[in-house]
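What the coordinates show
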Amino acid sequence: MKKPIIIILHIGYWLIFLLLLVVLYALTNAAALGNEANEGIGVGEWLKLMFSTTILPGIICFYTFYFFLFSKFLQQRKILAFFIGAAITPFGAAVVGGLVGSLEFFIGYYFLFDKNFMTVLSMLTFIAFVALLNGIIGLVMRGFITWYSEIKVKEELNKKNFEMELALVKSQINPHFLFNTINNIDVLITKEPELASRYLNTLSDIMRFMLYETKPERILFNKELEYIEKFIALHKIRSNNTDYVHFNVTGAAPNLMIAPMLFIPFIENAFKHVHDKKAKPAIDISIKIDKNIIIFICTNNFKEETQEENEHSGLGDGLIRRRLQLLYPGQHDLKVDTQNNIYSVFLTITF
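Just so you know, these numbers come straight off a predicted model, no measurement behind them. (Residues numbered from 1 in each chain as written. Predicted model: local features only at pLDDT ≥ 70, side-chain atom pairs only at ≥ 80, totals over all residues. Heavy atoms only, no water.)

1. Side note on empty space enclosed by the protein
Under the counting rule described, the total for this entry stands at 1 cavity of 30 Å³ or more. Of the pockets and cavities examined, the largest cavity occupies roughly 30 Å³. Taken together, Leu 262, Pro 265, Phe 266, Ile 320, Arg 323 and Leu 324 form the lining of the largest cavity. Examining the composition of the lining of the largest cavity, we find that 3 residues originate from one element, helix 9 (residues 317-327), more than from any other. In terms of residue class, the lining of the largest cavity is built from 5 nonpolar, no polar and 1 charged. (1 Å grid on protein atoms, 1.4 Å probe; cavity = no way out; pocket = protein on both sides within 12 Å on 5 of 7 lines; lining within 4 Å. Points joined across faces, edges and corners; volume = space filled by probe spheres on them. Helix = DSSP H or I, 4+ residues; strand = E, 2+ residues; numbered from the N terminus. Nonpolar A, V, L, I, M, F, W, Y, C, P; charged D, E, K, R; others polar.)

Next comes the structure, spelled out in structure tokens:
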């Protein structure tokens, strides 16, 4: 918690405390004036009495609890030492207040010493009780400030951990794609140089996107769509099947911002796990934008008996789910289904 706010809390508490004393003075004086046998106490005498019996002991107890007992004992879980200190402090503050009140400058020598033992004990007990109440409030205030500060520290740590984990996940996505693509180009260079050149130019555009467009936390959704189209084109170059991939986008959201490379892992896995590349289509990808909702569906055929052994070739499902959980907690719904040798991904994101 910021220091100005803490100072305001302290000032506010003591102003309220003084206001209560003023109200008490007004009520006491009104009652005294209502009785013809009594005269109201003067303001000066009242202030001296309140200072020695209430204000000074209250301040001593409040800040002893606030600065010393809380940090040295309670926070260190030294419970017995804390209770001993909590019992001694109010009576110590009461004695100090009584001694100050007994000074001739204040109420006078008779205030504390010119009385029998039981009267003195009763007065000190009352002063100690009032001081203890201030100490308890000081303890509660310090506890609240410490609790709030710890929450802020934990939030900062969680934010840093979130950023580090997200950066780690992202760093695992990009190199994986590059590794597969470069291997593909290497195969084509000797067999089909022209096709390899087209492949390389498309890869250059994708690299530019990955280097410069994926650094921000959010990018325009239209840029992500452009990247997906080039990514698909990069894979279609290798196939003679014109219906190898169906890619369809419905709806528009020109100002929508999303996390970069959000759908590519699913599309990449579809290309890696597709079995019959001659099917029409072998891979079907659709994206629907409806107001503040994006619906992503990606399906591909696969051979069930080889699915388990090919699991390592794509980006892990757990990693993809973790990234979504980090980016859109409570805002996404991911479902994966396998039926009749068709692998389907259904992803809904609400903005």
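2. Some details on helix 3 (residues 79-101)
The first and last C-alpha atoms of helix 3 sit 33 Å apart over 23 residues, in line with the 33 Å expected at 1.5 Å per residue. Looking only at helix 3, the buried set comprises Phe 82, Gly 85, Ala 86, Thr 89, Pro 90, Ala 93, Ala 94, Gly 97, Gly 98, Val 100 and Gly 101. (Expected span 1.5 Å × (residues − 1). Buried < 20%, exposed > 50% of the residue type's maximum accessible area, 1.4 Å probe, protein only.)

3. Regarding the sheet that holds strand 6 (residues 332-339)
Judged by pairing direction, the sheet is mixed, and its 5 strands sit side by side in the order 2-4-5-7-6 without closing on themselves. Strands with a single pairing partner mark the edges of an open sheet, and in this sheet they are strand 2 (245-250) and strand 6. Each strand axis lies, on average, 5 degrees off the axis of its neighbour in the sheet, ignoring direction. Bridge count for strand 4 (residues 283-290) against strand 5 (residues 293-301) is 8 bridges, and the pairing is antiparallel. Opposite Ile 289, over in strand 5, you have Ile 294 as the bridge partner. On top of the sheet, helix 6 (residues 221-236) reaches strand 2, strand 4 and strand 5; it is set at about 170 degrees to strand 2, its chief contact. Lying on the sheet, helix 7 (residues 264-273) is in contact with strand 2, strand 4, strand 5, strand 6 and strand 7 (342-350); it crosses strand 5 at an angle near 10 degrees. (Pairing = 2+ DSSP bridges. Axes fitted to C-alpha atoms, helices over the stretch in contact; angles between N-to-C directions. Contact = heavy atoms within 4.5 Å.)

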